Amino acid sequence: MKKITYIIILFTLLLSSGCSIHEASGKTPDYRPLVIAHRGASDLEPEHTLSSYKKAIKDKADYIEIDLEETKDGQLVAIHDDSVDRTTNGTGYIRDLTLSQIKNLNLAKGEKIQTIEEIIKTFKLSTKYYIETRENKNGQITMEKQLVKILKKYNLIDRNKVIIESFSEKSLKKIHSLDSNIPITRLIRTQEVRDIDDKALKNISKYASTIGIKAKLANPTILKKAHKHDLKLHVYFTNSDKSNNEGKLIKSCYKIKVDGVFTNNPASAISKLPKQTK
Ligand code: G3P
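What comes next is a walk through the structure. Nothing here was measured: the structure is a model prediction, and the numbers come from that model.

1. Some details on the overall build of the protein
Here is step 1 of the chain: Assigned secondary structure in the protein consists of twelve helices and nine strands.
Here is step 2 of the chain: With 278 residues in all, the protein has 48% of them scored as buried.
Here is step 3 of the chain: Taking as baseline every contact in the protein between residues at least 6 positions apart, the subset at least 24 positions apart corresponds to 59%.
Here is step 4 of the chain: Counting every atom, the protein has about 14300 Å² of accessible surface; 52% of that belongs to carbon and sulfur.

Encoded structure:
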C-alpha cells in the first residue's frame, strides 16, 4: 500500500473512532480560555464606549462585556454604575434620567452612552455579547423580557452569540424561563464563594452553565467543584481592589486553567497565554 493511502486510512479510522489528533498523538489539547473584554478594552479606552468595544474586537476578544441599567423611560443602556456621575460630565441616577437626557451627556472623549440595541446594531454578528443584568433599587427585575426580545430580534441566541450574567439569581432564572437556550453565568459574591458547597452548585447548574468569581478567589478546588457540576469557571479582575489586580493574577488563573477571563485588556491577556495556546 502506498504511504499516502496508509496515512489517509489511519486518519479516517482515528476520526471515526471519535479520537482527536491530540489524543492520538498523546498531547493534551491546547488550553484556551474565553477572553471576555470587561466593559470593552477598558484599560485602553473609556469603559462602555463604542471605542472600547471596537478595540476589544480588534484585539480579538471572544466577547464584549456589557453592564446594563434601565433609564426612567425603560431603555436598556450600557453603563456599569447606577449613576452617570463617575463616567460622564453629568450627574444623577440612570433610573431618574430619560434616554434623551442621557444622550445629552458625554462620556470621556465625547462619546455617548449606548443602548444595548444600538451596540448590537453596530457590531451585529461580528462579536459575541456577554451581558450583565441587574435588579432595580427595590430588588425587582424589570429588564429581562425586553432584553430577550432584542436578542431574538437580532438572532443572537440562535447564532450562539450571547451569554447573560448576573449576581441576581432571580434575574437569571427569569431569563432561563424566557429561553432556556441562553447560556447563563451566575456571578457569585466573595463572601458566598468561600462557603459554596455541592448543594448550592447543583442548584445553580439547573439554570446556569458557568459561575463567575473574583480572580483572587480562583483555585484548583473551586474549579474542580464547579466542573463536578458541569459548570465552567470565569474570573474577573477589578482595578479598585489591588488584591484582585489583573496584572498580578492572570498568569496564576491560566495555570489553574480557568475557563474564561474578564480582562480589561484583551491583547495583553492573550499575549500572556501559555505559549502553545497562542
Ligand atoms: O462581569 C463580571 C464582573 O464584571 C462583575 O463585576 O462590578 O464589573 O459588574 P462588575
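2. Comments concerning the packing of aromatic side chains
Here is step 1 of the chain: Across all of its chains, the model carries five aromatic pairs by this definition.
Here is step 2 of the chain: With 6.4 Å between their ring centres and 80° between their planes, tyrosine 236 and phenylalanine 262 make a pair best called edge-to-face. One end of the pair, tyrosine 236, is in strand E8 (residues 232-236); the other, phenylalanine 262, is in strand E9 (residues 260-263), with 26 residues separating them in the sequence.
Here is step 3 of the chain: Taking relative accessible area as the criterion, tyrosine 236 reaches 13% and is therefore assigned buried.
Here is step 4 of the chain: By relative accessible area, which is 1% here, phenylalanine 262 ends up buried.
Here is step 5 of the chain: An aromatic cluster is built from Tyr63, Tyr130, Tyr236 and Phe262, whose rings are joined through pairwise contacts.
Here is step 6 of the chain: Positioned over the ring face of tyrosine 93 is arginine 95, at 4.1 Å from the centre of the ring.

3. Observations concerning the nonpolar core
Here is step 1 of the chain: Counting residues in each nonpolar core, the largest one holds 61 residues, and the members touching the most others are Tyr129, Leu151 and Val235.
Here is step 2 of the chain: The residues touching tyrosine 129, leaving out its near neighbours within four places in the chain, are Tyr63, Ile64, Ile66, Ile119, Ile120, Phe123, Lys124, Leu156, Lys161, Val162 and Ile163.
Here is step 3 of the chain: Membership of the second largest hydrophobic core comes to ten residues, among which are Ile94, Leu97, Leu99 and Leu107.

4. Examining the packing of helix H6 (residues 144-153) against helix H7 (residues 169-178)
Here is step 1 of the chain: In contact at an axis separation of 10 Å, H6 and H7 are set at 45° when each is read in the N-to-C sense. Judged by the angle between their axes, H6 and H7 are oblique. When you trace H6 past H7, the crossing you get is right-handed. In this structure, H6 uses Glu144, Lys145, Leu147, Val148 and Lys152 to contact H7, whose residues at the interface are Ser171, Lys174, Ile175 and Leu178.
Here is step 2 of the chain: For the contact of H6 with H7, the per-class residue count stands at four nonpolar, one polar and four charged.

5. Some details on H6
Think of an α-helix as turning once every 3.6 residues; residues three or four places apart then point the same way.
Here is step 1 of the chain: Turning to H6, its buried residues are Glu144, Leu147, Val148, Ile150 and Leu151. Seen along its axis, H6 keeps its buried residues to an arc of 160°; they face one direction. Residues of H6 that are exposed and point over 90 degrees away from its buried face: Lys145, Lys149 and Lys153.
Here is step 2 of the chain: On the buried face of H6, the contacting elements are strand E2 (63-70), strand E3 (76-78), helix H5 (116-123), strand E4 (128-132), strand E5 (162-166) and H7.
Here is step 3 of the chain: A positive phi of about 60° marks asparagine 155, the residue just after H6.

6. Re the pattern of salt bridges
As a working rule, side chains carrying opposite charge can pair if their charged atoms are close by.
Here is step 1 of the chain: Counted by the stated rule, this structure contains 19 salt bridges.
Here is step 2 of the chain: Aspartate 82 is the partner of arginine 95 in a salt bridge, and the nearest nitrogen-oxygen pair spans 4.0 Å. Here arginine 95 is found in the loop between E3 and helix H4 (99-103), whereas its partner aspartate 82 is found in the loop between E3 and H4, with 13 residues between them in sequence.
Here is step 3 of the chain: Looking at aspartate 82, the relative accessible area reads 35%, which means it is partly exposed.
Here is step 4 of the chain: The closest approach of N and O atoms between lysine 214 and aspartate 241, which form a salt bridge, is 3.2 Å. In this pair, lysine 214 is assigned in strand E7 (residues 210-214) and aspartate 241 in the loop between E8 and helix H11 (246-256), connecting sequence segments 27 residues apart. Exposure class is identical for lysine 214 and aspartate 241. Each is buried.
Here is step 5 of the chain: It is possible to trace a salt-bridge network through shared partners that takes in Arg39, Glu47, Asp67, Glu69, Asp81, Arg86, Glu132 and Arg134.

Definitions and cut-offs
- Here the residue numbers are simple positions, counted from 1 along each chain's written sequence.
- For a predicted model such as this one, the threshold for reporting local features is a pLDDT of at least 70, and the threshold for listing and counting side-chain atom pairs is 80 or more; totals across whole chains, interfaces and linings nevertheless cover every residue.
- Hydrogens are left out, water is left out, and the side-chain values use all remaining heavy atoms of the structure.
- Think of it this way: any DSSP run of H or I at least four residues long counts as a helix, any run of E at least two long counts as a strand, and we number them from the N terminus.
- For every residue, the accessible area obtained with a 1.4 Å probe (protein chains only) is divided by the maximum for its type, and the residue is called buried under 20%, exposed over 50%, and partly exposed between those limits.
- Pairs of residues are marked as contacts when any of their non-hydrogen atoms sit within 4.5 Å.
- Only the protein chains shown count as covering a residue, and every accessible area follows the Shrake-Rupley method with a 1.4 Å probe.
- Pairing of aromatic rings covers Phe, Tyr and Trp, the last through its six-membered ring, and needs centres within 6.5 Å; plane angles under 30 degrees mean stacked, over 60 mean edge-to-face, and all others mean tilted.
- Two limits define a charge over a ring: the Lys NZ or Arg CZ must be within 6 Å of the ring centre, and within 35 degrees of the ring normal.
- Among the buried residues, those of types Ala, Val, Leu, Ile, Met, Phe, Trp, Tyr and Cys that are joined through side-chain atoms within 4.5 Å form a nonpolar core.
- Only the stretch in contact is used when fitting a helix axis, every axis being a line fitted to C-alpha atoms; angles between N-to-C directions are given from 0 to 180 degrees.
- With respect to orientation, any angle under 35 degrees is reported as roughly parallel, any angle over 145 as roughly antiparallel, any angle of 65 to 115 as roughly perpendicular, and every other angle as oblique.
- Left-handed describes a crossing whose near helix is turned anticlockwise from the far helix through less than a right angle; right-handed describes the clockwise counterpart.
- In this classification, Asp, Glu, Lys and Arg are treated as charged, Ala, Val, Leu, Ile, Met, Phe, Trp, Tyr, Cys and Pro as nonpolar, and every other residue, Gly included, as polar.
- Arc definition: it is the arc formed by the directions from the helix axis to the C-beta atoms.
- For this document, the term salt bridge refers to a Lys or Arg side-chain nitrogen within 4 Å of an Asp or Glu carboxyl oxygen.

None of the figures reported here should be taken as evidence of function without further support.
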